[in-house]
Amino acid sequence: MKGITTLRVGDSVDHYLLIKQSTTGVTTVGKPFMSLVLQDKSGDIEAKLWDTSEEHERLYGAEQIVKVGGEIHDYRGKLQLRVKSIRPVKTDEGIGITDLVPSSEKSKEELMTELTPYLFEMNNPNIQRLTRHLLKKHHQAFTTYPAATRNHHDYASGLIDHVVSMLRLGKALAELYPTLNKDLLYAGIMLHDVGKVIELSGPVATSYTIEGNLLGHISIMVNEIAMAAKELEIEGEEVMLLQHLVLSHHGKEEWGSPKRPMVREAEILHYIDNIDAKMAMLNRALEKTNPGEFTERLFPLENRSFYRPTFD
């Protein structure tokens, strides 16, 4: 059976899907409805349930597996699932959460094997010790969590997949621009999003934790670096610079960074993060687009549609 994200407008749906997100709302005329994000291993799609009740809210919360019938339609330039039937799965149907959760193409072990040599390339002992300490402290979550709830690397082991991809790009740029401090750049790449293991709930039906909503992964990670430095009895400029890289990696205040980049490696980290996230979004959208056609509108990319050329 085709994955839910490989279907086109007009295709019928008769799929087992995992409810990734579930929220309630009220229409302008006061009728309750539910917004669902449904997923299988191919990715996710939005759907609406109309005229809902408390019973619907109980049955169709996040992390529930459902059998859905319906059709794919276009809603304002974005694919959406028009639900015609939905029911919870039965225990004897043999469908589990792991059958429906997307994951990185490479295993977490392969990704960690690729990441490790970058640690040993670090010459600054303070930077290396801090980085190794924090990755070891959060190893289990760092290797299994997604990098986001939506849009990019939003699958099991997406966080480490994102980091390893960024390290490849960072290595190439460091070779082109040897004035870059590789220790600082590599450490910034590895640590910039580790706060997401506290900000997010995990790889299944990912949502924001209380800490995630109130503090955010940037503030969380700045505190983690400070605590690690205290525990390891490390003092010096390296601690402050690593904190700055984390604080500024979104690039602008309006994009969530408390500070703009003010160190060369921080500026480059921001671009590397941006490139890798956007390429992940573009690749996903273009993979499910026929040659000679445009993608659906991509909200994180200024709501633009992208054309897929007819030649490779």
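Residues numbered from 1 in each chain as written. Predicted model: local features only at pLDDT ≥ 70, side-chain atom pairs only at ≥ 80, totals over all residues. Heavy atoms only, no water.

The protein chain is annotated in an unreviewed UniProt entry as 3'-5' exoribonuclease YhaM from Chryseomicrobium palamuruense.

Examining a nonpolar patch on the surface
A grouping of I210, L214 and L215 is seen on the molecular surface, where their side chains present a nonpolar patch of about 370 Å² in accessible area. Its place among the elements puts L215 in the loop between helix 8 (210–214) and helix 9 (216–232). (Patch = residues over 30% accessible without salt bridge, like charges linked within 9 Å, V, L, I, M, F, W, Y side chains within 5 Å. Areas by Shrake-Rupley, 256 points an atom, 1.4 Å probe, with all protein chains shown as cover. Salt bridge = Lys/Arg side-chain N within 4 Å of Asp/Glu carboxyl O. Helix = DSSP H or I, 4+ residues; strand = E, 2+ residues; numbered from the N terminus.)

Considerations on the side chain of T206
Here T206 shows up in the loop between helix 7 (196–199) and helix 8. Owing to a relative accessible area of 4%, T206 belongs among the buried residues under this scheme. Excluding anything up to four places from it in sequence, T206 contacts K20, Q21, P146, T149, L200 and S201. (Buried < 20%, exposed > 50% of the residue type's maximum accessible area, 1.4 Å probe, protein only. Contact = heavy atoms within 4.5 Å.)

What to know about the environment of K67
Along the chain, K67 falls in strand 4 (residues 65–75). K67 has contacts with D14, H15, Y16, S85, I86, R87 and V89, leaving out every residue within four places of it along the chain.

So, the side chain of H270
With respect to the secondary-structure elements, H270 resides in helix 11 (residues 264–287). Residues contacting H270, with those up to four places away along its chain left out, are H249, H250, G251, W255 and P261.

Let's talk about the pairing of strand 3 (residues 43–50)
Judged from the eight bridges that link them, strand 2 (residues 32–40) and strand 3 form a sheet pairing that is antiparallel. Bridge pairing in strand 3 links D40 to G43. In textbook terms, the turn of a hairpin is the stretch between consecutive antiparallel strands, and for strand 2 and strand 3 this stretch comprises two residues. As paired strands, strand 3 and strand 5 (residues 78–88) are joined by three bridges and run parallel to one another. Its bridge partner being in strand 5, E46 is matched across the sheet by Q80. (Pairing = 2+ DSSP bridges.)

Quick look at empty space enclosed by the protein
Taken as a whole and assessed by the stated rule, the structure comprises one cavity of 30 Å³ or more. Lining the largest cavity are K20, Q39, V101, P102, D154, Y155, A156, P203, V204, A205 and T206. (1 Å grid on protein atoms, 1.4 Å probe; cavity = no way out; pocket = protein on both sides within 12 Å on 5 of 7 lines; lining within 4 Å. Points joined across faces, edges and corners; volume = space filled by probe spheres on them.)

Notes on the sheet that holds strand 1 (residues 12–26)
Consider a sheet: its strands pair through backbone hydrogen bonds, and that pairing is either parallel or antiparallel. Here we have five strands rolled up into a closed barrel, ordered 1-2-3-5-4, and mixed in their pairing. Going across the sheet, the axis of each strand differs from the next one's by a mean of 50 degrees, ignoring polarity. (Axes fitted to C-alpha atoms, helices over the stretch in contact; angles between N-to-C directions.)

Considering helix 2 (residues 108–120)
Its 13 residues give helix 2 an end-to-end C-alpha distance of 19 Å, which sits within 8% of 18 Å, the value for a rise of 1.5 Å per residue. Residues L111, M112, L115, Y118 and L119 constitute the buried set of helix 2. Buried-residue contacts for helix 2 involve helix 3 (125–137), helix 4 (139–144), helix 5 (158–176) and helix 6 (182–191). (Expected span 1.5 Å × (residues − 1).)

Some thoughts on the packing of aromatic side chains
Throughout the structure, instances matching the rule amount to three aromatic pairs. Seen from their ring centres, F33 and W50 are 5.3 Å apart, and the 40 degrees between their planes marks the pair as tilted. Of this pair, F33 sits in strand 2 while W50 sits in strand 3, and the two are 17 residues apart along the sequence. You can call F33 buried: its relative accessible area is 14%. A relative accessible area of 53% places W50 in the exposed class. A ring pair is formed by F294 and Y307, whose centres lie 5.2 Å apart and whose planes are at 55 degrees; its orientation type is tilted. (Phe/Tyr/Trp six-rings, centres within 6.5 Å; stacked < 30°, edge-to-face > 60°.)

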